[in-house]
Amino acid sequence: MADKIGIIGFGEAGQAVAGGFTEEGNSVAAYDLQYNKYLERAEELQVNLFDNKDEFLKNVNILFSLVPCSVSLAVAEEFIPLLDSRKIFIELSASFPDDMEKASQIADNNGIDFIDGAIMGSVINFKHKVPIFLSGKKSVEISKDLKKMGMNIEVIGDKAGQASASKLCRSIYTKGTEALLVELLKVTEHFDITDTVLNSIDKTWYLNGFRAEAERLFKSTEKHIERKHAEVVNVVKMIKDIGVEAYMSQAAETVLNQKKDNLTK
């Protein structure tokens, strides 16, 4: 049976996606420079592993790139010119939007369909059925075939870079929140009030869902910017007074101060 699915990069994510496909009876080929390291795992997952690009590409028509984002553009530059017009290159490495635009242009110059994809969940838990955002010129058309393969696809735009940007923008919130919680707990633990504060937030935050809460905060920030800025100034002082670095709160004070200046001009 000819391979139809190709995975470039057989690390943790590549193994999870490939394993999900093979569990459902699909034939999968994978390429990785660390061939010897992953050969045994590939055999366990019934994946045909290659370290030769030409051999790897012979029998695949849909390629998923799952390499580190730092090398995703270089991989696209390396592989896309080797493809024929029947093959599709789907980038899933959560790369930079600018890199996705460059890769898309390379694909256009070579007559290849290029899709920017962003994995929006845990590939370890969901494997090939993990939620994925797609963007690109033919993303709507190609998404139909991917859905038939059991993938959980949502097309969000027709420009390469939109999917990757969506994931990174979400990280502004999620990673920022994680960092803020680290800072918060240092302070609440100092005052021995962690449970009190977390329970209070739990009862008052996101009562109507995240989107509604975000829109409420947008309006509230503009209406009460002076008070909010003054409050966070006091927060920064309190944190510094107990000897804790106020990285996130200081950043919040800076952002709100800029917002205040813009609104009062």
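Anything mentioned here points back to the structure above.
Scope of this entry: the structure provided in the associated data block. The model shown is predicted, which means the values in this text are computed figures rather than measured ones.

## With respect to the overall build of the protein
Helix and strand counts for the protein come out as 12 helices and eight strands. Its C-alpha atoms give the protein a radius of gyration of 23 Å, more than 25% over the compact-globule value 18 Å for 265 residues. Seen along its three principal axes, the alpha-carbon backbone of the protein occupies a region of about 65 × 40 × 30 Å. Relative to its 265 residues, the protein shows a buried fraction of 39%. Look at the contacts in the protein between residues 6 or more apart in sequence, and 59% of them connect residues 24 or more apart. Accessible surface computed for the protein: about 15,300 Å², of which carbon and sulfur atoms make up 52%. On the protein, the mean spot of the 32 positive side-chain charges and the mean spot of the 40 negative ones are 6 Å from each other.

## Examining the nonpolar core
Residues I7, F10, F64, I90 and L146 are the most contacted members of the largest nonpolar core, which totals 31 residues. Once residues within four sequence positions are removed from consideration, L146 is found in contact with I62, F64, I90, L134, M151 and I153. Formed by 22 residues, the second largest nonpolar core is a distinct cluster that contains Y31, A76, F79 and A107.

## Describing the sheet that holds strand β5 (residues 88–91)
In space, the eight strands of this open sheet follow the order β3-β2-β1-β4-β5-β6-β7-β8, with mixed pairing throughout. Strands at the two margins of the open sheet, each flanked by one partner only, are β3 (48–50) and β8 (152–157). Taking the axes of each pair of neighbouring strands and ignoring which way they run, one obtains an average angle of 25° across the sheet. Across five bridges, strand β7 (residues 131–135) lies against β8 in parallel orientation. Considered in β8, the bridge of F133 is made with E154. Along the sheet face, helix α8 (residues 162–191) touches β6 (113–119), β7 and β8 and points at about 15° away from the line of β6.

The rules behind the values
- Residues numbered from 1 in each chain as written.
- Predicted model: local features only at pLDDT ≥ 70, side-chain atom pairs only at ≥ 80, totals over all residues.
- Heavy atoms only, no water.
- Helix = DSSP H or I, 4+ residues; strand = E, 2+ residues; numbered from the N terminus.
- Rg over C-alpha atoms; globule rule 2.2 N^0.38 Å.
- Buried < 20%, exposed > 50% of the residue type's maximum accessible area, 1.4 Å probe, protein only.
- Contact = heavy atoms within 4.5 Å.
- Areas by Shrake-Rupley, 256 points an atom, 1.4 Å probe, with all protein chains shown as cover.
- Lys, Arg positive; Asp, Glu negative; His and termini not counted.
- Charge placed at Lys NZ, Arg CZ, Asp CG, Glu CD.
- Core = buried A, V, L, I, M, F, W, Y, C linked by side-chain atoms within 4.5 Å.
- Pairing = 2+ DSSP bridges.
- Axes fitted to C-alpha atoms, helices over the stretch in contact; angles between N-to-C directions.

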